[in-house]
Structure formats: C-alpha cells, structure tokens
Amino acid sequence: MLTTRFVTGAPNWIDVSTPDLDGTASFYGGLFGWRFHPAEPGAGGGGVFRLGDAAVAGGTLGGPGQGPPSWTVYFASPDAEETAGAAQRARGRVLVRPAAVPDQGVRAVLADRAGVPYGIWQPGRRAGLDRAGQPGALTWVELHTPDIAAAAAHYHAVLGLETSAAAFPGGVYTCVNPEGVGEDGVFGGVVPLADDPAETDAHWLPYFAVTDTDAAAARARELGGTVRLPPTDVPGAGQLARLTDPYGARFAVLRPEPAAR
C-alpha cells in the first residue's frame, strides 16, 4: 500500500478539481472528516484538505474548458522539467507546464498515450501528502486504460515505474511500483478498461482507506454522491467500493485486509 516514503515515481500528492469548493468540502468532510483550508493569497487559489493537522489532498476550483470534475494523482519527480520532456518523448503530452508553487515545490500536469491526465510534483518545502495508507487518506491508485502494455511503457519511460503480475481468483492483476523497490513499493495497479463496462474513458482512480466500506458507501450516497460499484470483496486486498462525489469526480474506498495493511 501507499506510504509517505516518496521515492521517485511514487504518488506523493492528489487533488480534486470541482465547480464548487464549499460543496466539495462539505461532502468529503462528511465522508472522511476532512476540513478545507484555503490557500494563502497569491498562491493560485484552491487550498488543502486536512485530516486533523495532516494534509491529505488538495482542492482546486475548476471552470469551463478545464474538463469535468475529477481527481488528479501526482507522482514524485526530482526534476519536473525533465519529466515533462520525457512524457513528450514517450508519446504523451504536457497539459500544464511545470510551474513553481511558492515555497512548496514545482507542479506540472501531463497526459499519457491514452490521454489520461496525471500530475508531477517536484518537492520543495512540501514533500507531499502528510498521511497515506490510513483511514481517510490515500491508500492505492489504479489506472484504467485500453492498453496495459502501452501504459506500462509510457510510465516506465517517464517515471521509471515497473509492473508485475499478481494472480487472484479469476485472473491476473498488474501491479505497479517505483523502479528498484520491488513488492514492498507496490502502490497501485493497471487494469484493462474493457474489464468494466461501466467505465467509458481511461483514468487514474484514487482509493481512500476506510474501516467500513458498507458504511462509507451508504454515507457517500446520503451526502449526494453515487455508488458506481457497491462494496465488493477482493481476495488478498480487502473490500472496495467505487464512488463519485456530487459533482462527478470518481474515487474509491478500500477496507484493506489485515495482511494488506
């Protein structure tokens, strides 16, 4: 599972783009206990969601021409400019050029070969998330893509990510980890888009840890969200549910099995 040991290529930040920051804060506050803290003036708007004193996500105000409400997963890079160049060489695109976030780090948004947006965070004063792999925090990320081999090649070229196969009842799951760290560094997976007829476009899906998947799904519905996949047991992983917030941003919740925590 994900940790805050942010080696190159590991997820180290996440943010949600939404047309309504107050409504989004109310939803995730009711679901996970997060509290939204607006950014300081001059920092480009948006802000940070905190669980207690820990930063667990970011929030930005989206608008016309910026795409639908969505979560963006960011990956650690020691050099955002070089990583952006590597993405272009790997047949991806640069959606937002690397730019400094005052006193925090350098941010960029790229797209892979299938057009899936993902972020790059070059740490400055902020290394990344303050909490991961715990209830209410990011614990796993999953790429839904039409071509696993093409996606694996792109992310290996850009971030040095490695993939491996894990057998489970009924099939094989493609795991992903930073280069050279092996199974201990697995933070997510890659799945064929065709395996889920409810999914129509490629995307990164963030998973947040919970202690009770049934309760989280029911609470999300009460708060105006949608349950796209009801609580489902996955041998070796735990119980998950796929949801959207009231504005359509997709995410999932996971109650990890004890051995997977």
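The next subject is the overall build of the chain. Counting its secondary structure elements, the chain contains four helices and 16 strands. Taking 2.2 N^0.38 as the reference for a compact globule, 261 residues should give roughly 18 Å; the C-alpha atoms of the chain span a radius of gyration of 17 Å, in line with that estimate. Taken along the three principal axes of its C-alpha coordinates, the chain extends 45 × 40 × 35 Å. When burial is assessed residue by residue, the chain has 50% of its 261 residues classed as buried.

This brings us to empty space enclosed by the protein. Counted according to the given criterion, the structure contains one cavity of 30 Å³ or more. What lines the largest cavity is Leu143, Ala151, Ala152, Tyr155, Leu161, Glu162, Thr163, Val176, Val190 and Trp204. Mapped by element, the contributors of at least two residues to the lining of the largest cavity are helix H3 (148–159) and strand S10 (162–168). By residue number, the principal contributor to the lining of the largest cavity is H3, which donates three residues. Counted by class, the lining of the largest cavity contains eight nonpolar, one polar and one charged residues.

Inspection of the sheet shows strand S14 (residues 226–234) paired to strand S15 (residues 238–244) by six bridges, in the antiparallel sense. Counted as the bridge partner of Thr232 is Leu240 from S15. Linkage of S14 to S15, two consecutive antiparallel strands, is achieved through a turn of three residues, within which Gly236 is found at a positive phi near 85 degrees.

What follows covers the side chain of Thr83. Structurally, the position occupied by Thr83 is in helix H2 (residues 80–89). Thr83 gets classed as buried once you look at its relative accessible area, which sits at 7%. Contacts of Thr83, omitting those with residues within four sequence positions, involve Ser77, Leu110, Ile120, Val158 and Leu159.

Mapped onto the secondary structure, Val56 falls in strand S4 (residues 54–61). When the C-alpha positions of Val56 and Ala132 are compared, they lie 7.5 Å apart, and in sequence the two are 76 residues distant. In contact with Val56, other than residues within four places in its own chain, are Ile14, Trp34, Phe49, Arg50, Leu51, Leu129, Arg131, Gly136 and Ala137.

Our next topic: unusual backbone geometry. At Arg91, a position not held by glycine, the phi torsion is positive, near 70 degrees. Its location among the elements puts Arg91 in the loop between H2 and strand S6 (93–101). With relative accessibility at 62%, the residue Arg91 sits in the exposed group. One non-glycine residue with positive phi stands out, namely Asp103, at about 65 degrees.

Take the layout of surface pockets next. Of the voids in this model, the second largest pocket is the one considered here, and its volume is about 920 Å³. Looking at the second largest pocket, it is lined by 32 residues, and the ones nearest its centre are Glu142, Phe168, Tyr173, Val234 and Ala237. Sorting the residues of the lining of the second largest pocket by element identifies strand S9 (138–145), S10, strand S11 (171–177), strand S12 (188–192), S14 and S15 as the ones contributing at least two each.

This part takes up the packing of H2 against H3. It is at 8 Å that the axes of H2 and H3 come closest, and there the two elements cross at 150 degrees. With respect to each other, H2 and H3 are oriented roughly antiparallel. Relative to H3, H2 is oriented so that their crossing is right-handed. Between H2, through Thr83, Ala86 and Ala87, and H3, the contact on the second element is made entirely by His154, Ala157, Val158 and Leu159. Considered class by class, the residues forming the contact of H2 with H3 number five nonpolar, two polar and no charged.

The rules behind these values
Residues numbered from 1 in each chain as written. Predicted model: local features only at pLDDT ≥ 70, side-chain atom pairs only at ≥ 80, totals over all residues. Heavy atoms only, no water. Helix = DSSP H or I, 4+ residues; strand = E, 2+ residues; numbered from the N terminus. Rg over C-alpha atoms; globule rule 2.2 N^0.38 Å. Buried < 20%, exposed > 50% of the residue type's maximum accessible area, 1.4 Å probe, protein only. 1 Å grid on protein atoms, 1.4 Å probe; cavity = no way out; pocket = protein on both sides within 12 Å on 5 of 7 lines; lining within 4 Å. Points joined across faces, edges and corners; volume = space filled by probe spheres on them. Nonpolar A, V, L, I, M, F, W, Y, C, P; charged D, E, K, R; others polar. Pairing = 2+ DSSP bridges. Contact = heavy atoms within 4.5 Å. Axes fitted to C-alpha atoms, helices over the stretch in contact; angles between N-to-C directions. Parallel < 35°, antiparallel > 145°, perpendicular 65-115°, else oblique. Left-handed = near helix turned anticlockwise from the far one by under 90°.

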